[in-house]
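Spelled out from the first residue to the last, the chains are:
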Amino acid sequence: MANLKLKDVAKVYGGQVEVLKDIDLDIETGELIVFVGPSGCGKSTLLRMIAGLEQISGGTLEIDGMVVNDVPPSERGIAMVFQSYALYPHMTVYDNMAFALQIAKKSKEEIDRAVRAAADKLQLTEYLDRLPKALSGGQRQRVAIGRSIVRDPKVYLFDEPLSNLDAALRVATRIEIAQLKEQMPDSTMIYVTHDQVEAMTLASRIVVLDALKDNGYKYSIAQVGTPLELYETPNSEFVARFIGSPAMNLLEGEIVATGETTTLRTRLGAGTITSNVPSRPEDQGAQVKVGIRPEDAVATDSEDFAFSGKVEVEERLGEVTLLYFERGAGQNDPVIAKLPGIHPGMRGNTVKLTADPAKVHIFQDGTSLLYR
Amino acid sequence: MAVQEDTQGASFIQGQAVIWLIGGLLLVAAIALLLPDVRGMLGNSPILQGVLTIVLGVGGCIGYFWASNIVLDKVIFPAKGANAGKNINRANMVRPWLFIFPAFAALGLYLAYPVVGSFIRSLYDRSGDTFIGFGNYAWLMQDSEFQQAVFNNILWALVVPAGSTFFGLVAAQLTDRLSWGNIAKSLIFMPMAISFVGASLIWKFVYANDADIGIVNAFREWVFGADSVDPLQVSFWNNFFLMFILIWIQTGFAMVILSAALRGIPEETVEAAIVDGASPLQVFFKIKVPQIMGTIVVVWTTITILVLKVFDIVYTMTGGNFGTQILPSYMFEFMFRDDGRATAVAFVIMLIVTPVMVWNIIQARKEMR
Ligand SMILES: Nc1ncnc2c1ncn2[C@@H]1O[C@H](COP(=O)(O)OP(=O)(O)O)[C@@H](O)[C@H]1O
Ligand SMILES: [Mg+2]
């Protein structure tokens, strides 16, 4: 029910520590935006600035066209779910959920209706009289979500809500959140995580934060896009390696033919490979990095290959087989290929890898050729 | 098997050697003490006396544990013969009691016995020869000064803990956010380091019946142009002036404990409340205070117990006159004059303190969990 507009938003702690800079972002009503980025990049800080728990040091934040930089949290129409749940330990589940409405001096009937509706939605009805300490992690998480639902906010903010849950519960709760979002198509949600799978499965758009060179290495937005946009057309080496697991292989190479498609020769293995990424005539001979996702790598016998190496480690996971290749002296991150199915006895073999030209990425100085 | 027996034997021999050594030392010390020359030498040298005390004390403790364990393992329940396994188990069940026994004995001697002894003494008259049943208690009940003391004590037990905890809580919350909060905390804590008698002396000056000395009267003169009065003789209210001294002393204690408790509150619950729209006052009273309620109760009851024992302040400030009598100072009136009545008052105080203490321990245990 609300759109947000961040313009040149910056955060400086204590007048000196610049954390975030030049954040520009438009969020439409009904979107589920996910912030991802390395630990300490300022995801929580950005979320807390939107919530109003942190002062915005520069730029403006608009909610529904109104600048809210100096509006207190409770009047911004937001609700926040904290990583630690932040339930009030001395209040029952019911009172936890009712607290905001009691503060707002809503009538008893209205509060009761809202709390019971939320409890029903989250299967918490039978726990309403319990204290938080008598709940499991997943139930606490649902109470925290329920506490925001009863307030019927315009914007939901989640700060790594699943990171304290065990793996199985995380998957279940992730699906619950996705279903919740479907039930509330009009509410805008902003979700912080460092878990790629959460980002890929939940987001309508992902915001990747990174320290950018042309920003004085302050953290800012590296790329915004739908999950598949980020996966298929990352704008930088950083985004390319951040999205997808295992991370994209980057091979040093040189452009040997330009045009609608680009032909590259890689340094290791000295084979050639074609990419559908177009290039300009002046790119001839440019030193670039060729990006191939492990799952896009295919073994080949032809003379056109991007990489040739000896299989050092072979991990058989059943559905896929991961092959790790040593890259050579001085380079410790291995080249990885993810082949579908079971491939026994590959260890020690020399394998040539190539990829579909549509799936070969080219980066120059860290930036994708597609985005220059 | 054989190897095991060997090592066991070796440690047993070692153990015996140690026991003989300690036993020998103790014996030598004991014999030496019997010689008049040695005693004379000791009499002149406190250092030697100290060393001897330490040797006897520590040696006695070690000797006790070694000897009692040996007796248990070798004589009463030997780990040999048909019942070896059973004996080991039984010995292990008895062993904890060997360790607890000295503490029990000391507690019994210095705590339980005096309680029982006092109670018995309180059933006798002034001379200590004539049994008068609950006569002393009956006399207390009808004595107006006793009634006054009980009433005042109840006032103390309500006002001082409430005042100290309240001011301590407010000070803890307010100093937490200040840059000079730690200095303020030290200042508030400082009276804790002053003895009650010392504090009373300070407040004697504060309350002095002279505008040139007492700040209270100086203030009255400056603001109202009023003549000096003696605050300690203003009946009824003088009780509160005395209580204020103890509040002044105990606020620091409450502040330190509550400040630690406040810091233990998860910051995110406070932030969640802010997002929920709570005002700073609501955050304090609805989120913070309930979360540290257990600590508040412990602080409150701890101060209550202290209050029920306080004697020095009343004794030094008014001597219990002008209607400021409380039970401990009342008890002191009878000491050396009528031990029957004095012990009866002592027993009444104990009866009042015990439930508070039990409650305090229960709460403190809950806190630790
Ligand atoms: N109160 C603060 N004062 C100074 N620096 C802070 C403060 N809070 C966070 N930071 C810094 O801001 C950066 C971003 O923190 P945060 O937003 O928590 O990262 P993330 O949530 O992405 O892991 C970190 O480098 C952190 O050290
Ligand atoms: Mg964070």
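Small disclaimer: the values here were computed from a predicted structure and weren't measured. (Residues numbered from 1 in each chain as written. Chains lettered and ligands numbered in written order. Predicted model: local features only at pLDDT ≥ 70, side-chain atom pairs only at ≥ 80, totals over all residues. Heavy atoms only, no water.)

**Describing the overall build of chain A**
Here comes step 1: For chain A, the count of helices and strands is eight helices and 21 strands.
Here comes step 2: Across the 372 residues that make up chain A, the buried fraction comes to 50%.
Here comes step 3: Taking the contacts inside chain A whose residues are at least 6 apart along the sequence as the reference set, 66% of them involve residues at least 24 apart.
Here comes step 4: When the accessible surface of chain A is summed, it comes to about 16600 Å², and 48% of that surface belongs to carbon and sulfur atoms.
Here comes step 5: One finds the centroid of the 40 positive side-chain charges in chain A at a distance of 5 Å from the centroid of its 51 negative side-chain charges. (Helix = DSSP H or I, 4+ residues; strand = E, 2+ residues; numbered from the N terminus. Buried < 20%, exposed > 50% of the residue type's maximum accessible area, 1.4 Å probe, protein only. Contact = heavy atoms within 4.5 Å. Areas by Shrake-Rupley, 256 points an atom, 1.4 Å probe, with all protein chains shown as cover. Lys, Arg positive; Asp, Glu negative; His and termini not counted. Charge placed at Lys NZ, Arg CZ, Asp CG, Glu CD.)

**Quick word on the overall build of chain B**
Here comes step 1: Scanning chain B from terminus to terminus reveals 16 helices and zero strands.
Here comes step 2: Taken over the C-alpha trace, chain B has a radius of gyration of 30 Å; the compact-globule value for 369 residues is 21 Å, which it surpasses by more than 25%.
Here comes step 3: Within chain B, the proportion of its 369 residues that are buried is 34%.
Here comes step 4: In chain B, once contacts between residues fewer than 6 apart in sequence are set aside, the share between residues at least 24 apart is 67%.
Here comes step 5: Only carbon and sulfur atoms are counted for the fraction: they give 71% of the accessible area of chain B, which is about 21600 Å².
Here comes step 6: Across chain B, the centroid of the 21 positively charged side chains sits 11 Å from that of the 23 negatively charged ones. (Rg over C-alpha atoms; globule rule 2.2 N^0.38 Å.)

**Here we look at the sheet that holds strand E15 (residues 298-300) of chain A**
All names here are of chain A.
Here comes step 1: Read from one edge to the other, the open sheet built from five strands follows the order E15-E19-E16-E17-E18, with strand pairing classed as antiparallel. The sheet is open, and its two borders are formed by E15 and strand E18 (335-340), each paired with just one other strand. Here the strands of the sheet are splayed against their neighbours by 50° on average, with no regard to which way each runs. (Pairing = 2+ DSSP bridges. Axes fitted to C-alpha atoms, helices over the stretch in contact; angles between N-to-C directions.)

**Focus on the UniProt feature "transmembrane region" (unreviewed entry) in chain B**
Residues and elements named next belong to chain B.
Here comes step 1: Per the UniProt record, "transmembrane region" (unreviewed entry) is annotated on residues 12-35, 47-67, 96-116, 154-175, 187-206, 240-262, 292-311 and 342-362.
Here comes step 2: Annotation note: span residues 187-206, helix share 70%, strand share 0%, distance between end C-alpha atoms 18 Å.
Here comes step 3: Structurally, residues 342-362 is divided into 100% helix and 0% strand, and its ends, taken at the C-alpha atoms, are 30 Å apart. (UniProt positions renumbered as here; feature names shortened; annotations may be inferred.)

**A word on the site of ligand 1**
All names here are of chain A.
Here comes step 1: Ligand 1 sits among Tyr 13, Val 19, Ser 39, Gly 40, Cys 41, Gly 42, Lys 43, Ser 44 and Thr 45.
Here comes step 2: Within the contact set of ligand 1, an oxygen atom lies 2.6 Å away from a side-chain nitrogen or oxygen of Ser 44.
Here comes step 3: The protein chains hide 55% of the 570 Å² of surface that ligand 1 would expose on its own.
Here comes step 4: Ranked by residues supplied to the shell around ligand 1, first place goes to helix H1 (residues 43-51) with three residues. (Near = heavy atom within 4 Å. Polar contact = N/O pair within 3.5 Å; in protein donor to acceptor, adjacent residues only side chain to side chain.)

**A closer look at unusual backbone geometry**
Residues and elements named next belong to chain A.
Here comes step 1: Between Ser 245 and Pro 246 the backbone carries a cis peptide bond, its omega angle lying at -5°.
Here comes step 2: Relative to the helices and strands, Pro 246 resides in the loop between helix H8 (237-242) and strand E11 (249-257).
Here comes step 3: Positive phi is not limited to glycine here, since Ala 86 has a value of about 55°.
Here comes step 4: Here Ala 86 lies in the loop between strand E6 (78-81) and helix H2 (93-103).
Here comes step 5: Positive phi is not limited to glycine here, since Glu 160 has a value of about 40°.
Here comes step 6: Position of Glu 160 among the secondary structure elements: in the loop between strand E7 (155-159) and helix H5 (167-183).

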